[in-house]
Structures are given as structure tokens and as C-alpha cells.
Amino acid sequence: MLLSLLALATLFMGYLAKDIKMSYEFSKAIPVDNQKYKDYQQFLKTFGRDGNTVVVGIHSEKFFDTATFNQVAELQKNIKAAKGVTGILSVPTAVDLIKMDSLEKFQPEVIFHAPYTDQNALDSNTAEFLNLPFYQGLLYNKQNQAYLIAVSLNDTLINSKERTHIINGIMAPIEAFEKTSGIKVHVSGLPYIRTTVGDKIAHELNYFLLGSFILSAITLLLFLDPLVPC
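Draft legend 1. Inspection of the nonpolar core at higher detail. I58, V91, F112, F129, V151, I170 and I174 are the most contacted members of the largest nonpolar core, which has 37 residues in total. Among the elements of the structure, β1 (53–59), α3 (66–80), β2 (85–89), α4 (119–130), β6 (146–153), α6 (163–181) and β7 (185–188) are those that each provide at least two residues to this core. Take this core: its biggest share by element is six residues, from α6. Residues contacting F112, with those up to four places away along its chain left out, are F64, F69, V91, P92, L122, N125, T126 and F129.

Draft legend 2. Examining the packing of aromatic side chains more closely. In total, this model carries 13 aromatic pairs according to the counting rule given. Arranged with centres 6.0 Å apart and planes meeting at 25 degrees, the rings of F64 and F69 form a pair that is stacked. According to the relative accessible area criterion, F69 is buried, its value standing at 0%. Measuring from centroid to centroid gives 5.6 Å for F112 and F129, while their planes differ by 55 degrees, and the two rings are tilted. Placement of the pair is F112 in the loop between β4 (105–110) and α4 and F129 in helix α4, with a sequence separation of 17 residues.

Draft legend 3. View of unusual backbone geometry. For the peptide bond that leads from A114 to P115, omega is 5 degrees, which places it in the cis range. As for its placement among the helices and strands, P115 is situated in the loop between β4 and α4. Positive phi, normally seen in glycine, also occurs at Q145, with a value near 55 degrees. One can find Q145 in the loop between β5 (140–141) and β6. Accessibility expressed as a relative area gives 27% for Q145, which makes it partly exposed.

Draft legend 4. Fine view of α6. Between the first and last C-alpha of α6 there are 27 Å, a value that for 19 residues agrees with the 27 Å anticipated at 1.5 Å per step. A positive phi of about 75 degrees marks G182, the residue just after α6.

Draft legend 5. Structural detail: the packing of α3 against α6. Where α3 contacts α6, the axes come no closer than 9 Å and their chain directions differ by 165 degrees. Put simply, α3 runs roughly antiparallel to α6. Crossing hand, α3 versus α6: right-handed. Contacts between α3 and α6 involve Q71, V72, L75, N78 and I79 from the first element and I170, P173, I174, F177, T180 and S181 from the second. Partitioned by chemical class, the residues of the contact of α3 with α6 number seven nonpolar, four polar and no charged.

Each value, and the rule that gives it
Residues numbered from 1 in each chain as written. Predicted model: local features only at pLDDT ≥ 70, side-chain atom pairs only at ≥ 80, totals over all residues. Heavy atoms only, no water. Core = buried A, V, L, I, M, F, W, Y, C linked by side-chain atoms within 4.5 Å. Buried < 20%, exposed > 50% of the residue type's maximum accessible area, 1.4 Å probe, protein only. Helix = DSSP H or I, 4+ residues; strand = E, 2+ residues; numbered from the N terminus. Contact = heavy atoms within 4.5 Å. Phe/Tyr/Trp six-rings, centres within 6.5 Å; stacked < 30°, edge-to-face > 60°. Expected span 1.5 Å × (residues − 1). Axes fitted to C-alpha atoms, helices over the stretch in contact; angles between N-to-C directions. Parallel < 35°, antiparallel > 145°, perpendicular 65-115°, else oblique. Left-handed = near helix turned anticlockwise from the far one by under 90°. Nonpolar A, V, L, I, M, F, W, Y, C, P; charged D, E, K, R; others polar.

And the structure:
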């Protein structure tokens, strides 16, 4: 009898579970009338939603060798083609502003033109890039020989159930780059952290629910079995 009731209750709760929707927004930690919360909302209104950038870090002493640079250029190209990616900022896509006196304006021009077959051509473009102080500390750290790729994501998609597919779409070319180049890539950023942590919690919760159901069933069976001493 108890097992029948348990089965019916489980089926009923399973039926109700079809209406459950998962929220991909983080819960509010402070009251909405708090001044800090109001300031944050004003920031979002002025500058847009935060937490939509994935940062990819590469450390290599041979970054500006033709073989490595061409692989990095291909990597950023493949990342840009992934679903949900709205923009990308990296060394291969860096631009210089050329003053156009006749038009009285600045004209952006791409510095690098990958893929390269001539190391001298790459060295010339590299010297031009390193001569621009704007990018130092933004796209590269000269002392540590570390280089950055910033990936902007669609605000709506990264805060929906599509976020796992988006992060996986970015990680696929990164993992392929690591295998072909032998260079370790470091990935961070709020979308990446939220997605990986959220997925781990969801998987662990499924195991927890399954274990709880099995434990409840075993407990009922032992309770109902007259042969088992109490």
C-alpha cells in the first residue's frame, strides 16, 4: 500500500515538474531599495549588462613566430564563428588609427594580415603593434609574455539555457588549439565560471535526487518486510 502511494505521489510530482523553469539569473543578494543596488542598476542602464565576456589567456615565448601566430589567428577566427559570440578583441585583430588629413578623421587599419609565410613580414607588423602603448596591459603583458583574447557574448543567450552550448562552442576550438600547438590555454570570465559551476551543481543535484529516491525505496522495503527485525 505504501509503495503504491509512493509511486502515485512520484508520478504526480513528476507531472507537476513539467512546469518548472530554471532561472539563469543570479538571485539578488541585497534589497532592491539599497543604494548600492540602485547604483548597480544605474550602471547597467548606462553601460549595459555586465558578465558577458569570456577571457582567453595564452602564454608563449614564441607567440610572434609565424607558426604560432597563424594558429592563434585561426583560433580567434574559429571562436568568433561560434554561436552567441558578438565580438572578439585579440592581437591578430588589433588595429592602428591612421590620420587622414584630407578627410579630417582617423581611419582604422588592421595591423596583422595572417596567415604569414614570411617571418620578416610578421616581425615588421609586430614592431608596429608593440610600438602602440594602448595595447600594452590590455592585450599583452610584455614582461610575462602573456596574451589575451576577449570574447563578447550575446547578453540574452548567455543568460538562457543555451549558455552551456555557447561555452562548449568556444571551448571546442580552444581544446583543438591546445592539441595542435602544445600551448596551454587559460579560460576565465563570469560566463565561463557561472556556466561550469552551474552545470556541475545541476549534475550533482540529479545524482542526489536519484540517490534519495533509491534510499527511500530501500527504506520502505525494509520497513514493510516482516522478515527483517526492527
